[in-house]
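For reference, the chains in residue letters:
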Amino acid sequence: MQVAQRIFQLMEQNGVTKYRLSRDLYISDSLISQWGNGRTSPENSKHLPAIADYFHVSVDYLLGRDESYPVPEPKLELTDDAIEMAKAYEAASIDVKNGVRRFLGLPEVAIKKEKRA
């Protein structure tokens, strides 16, 4: 399997579009398209280490020297909105938290009773 085929296979397996790969790694989308249509080859590309890191594989895997394919680590990216919502949730009262949890179909949080001295 050629390097470009491996990259496109990884993109498909991970749900990554040419646009997203281009944006995330600062690679020209036209260059990625040229790899896809065979006009150029990424084999000698300075981008291979970044692509390997992005997909959690080795450069040797991309080059076909190593056939082992590690299971990618789940990648969780939080948007600024998600971070703001998490902070607001943490600061909310137990009633508000339980309202959010009911809305999301999650079990409610038990109310902790304070110990009396």
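As a reminder, the structure under discussion sits directly above these lines.
For the structure given in this document, a descriptive report is provided here.

Thresholds, definitions, all that
- Residues numbered from 1 in each chain as written.
- Predicted model: local features only at pLDDT ≥ 70, side-chain atom pairs only at ≥ 80, totals over all residues.
- Heavy atoms only, no water.
- Core = buried A, V, L, I, M, F, W, Y, C linked by side-chain atoms within 4.5 Å.
- Buried < 20%, exposed > 50% of the residue type's maximum accessible area, 1.4 Å probe, protein only.
- Helix = DSSP H or I, 4+ residues; strand = E, 2+ residues; numbered from the N terminus.
- Contact = heavy atoms within 4.5 Å.
- Axes fitted to C-alpha atoms, helices over the stretch in contact; angles between N-to-C directions.
- Parallel < 35°, antiparallel > 145°, perpendicular 65-115°, else oblique.
- Left-handed = near helix turned anticlockwise from the far one by under 90°.
- Nonpolar A, V, L, I, M, F, W, Y, C, P; charged D, E, K, R; others polar.

1. Quick look at the nonpolar core
Ile-7, Leu-21, Trp-35, Ile-51, Phe-55, Val-57 and Leu-62 are the most contacted members of the largest nonpolar core, which has 19 residues in total. For this core, the secondary-structure elements that each account for two or more residues are α1 (3-14), α2 (18-25), α3 (29-37), α4 (48-55) and α5 (59-63). In contact with Trp-35, other than residues within four places in its own chain, are Ala-4, Ile-7, Phe-8, Ile-27, Thr-40, Ser-41, Pro-42, Ser-45, His-47 and Ile-51.

2. Focus: unusual backbone geometry
For Tyr-26, which is not a glycine, the phi torsion comes out positive at approximately 55 degrees. Following the sequence through the fold, Tyr-26 ends up in the loop between α2 and α3. Even without being glycine, His-56 reaches a positive phi, approximately 60 degrees. With respect to the element layout, His-56 can be found in the loop between α4 and α5. A residue is classified by how much of its surface remains accessible, and His-56, at 33% relative accessible area, is partly exposed.

3. What to know about the packing of α2 against α3
Between α2 and α3, the least distance of the axes is 9 Å, while the angle of their chain directions is 130 degrees. The angle between α2 and α3 places the two elements in the oblique class. Read as a crossing pair, α2 and α3 show a hand that is right-handed. Across the interface between the two elements, Lys-18, Leu-21 and Ser-22 of α2 pack against Asp-29, Ile-32 and Ser-33 of α3. Residues of the contact of α2 with α3, tallied by class, amount to two nonpolar, two polar and two charged.

Limitation: the analysis is restricted to geometry and does not speak to function.
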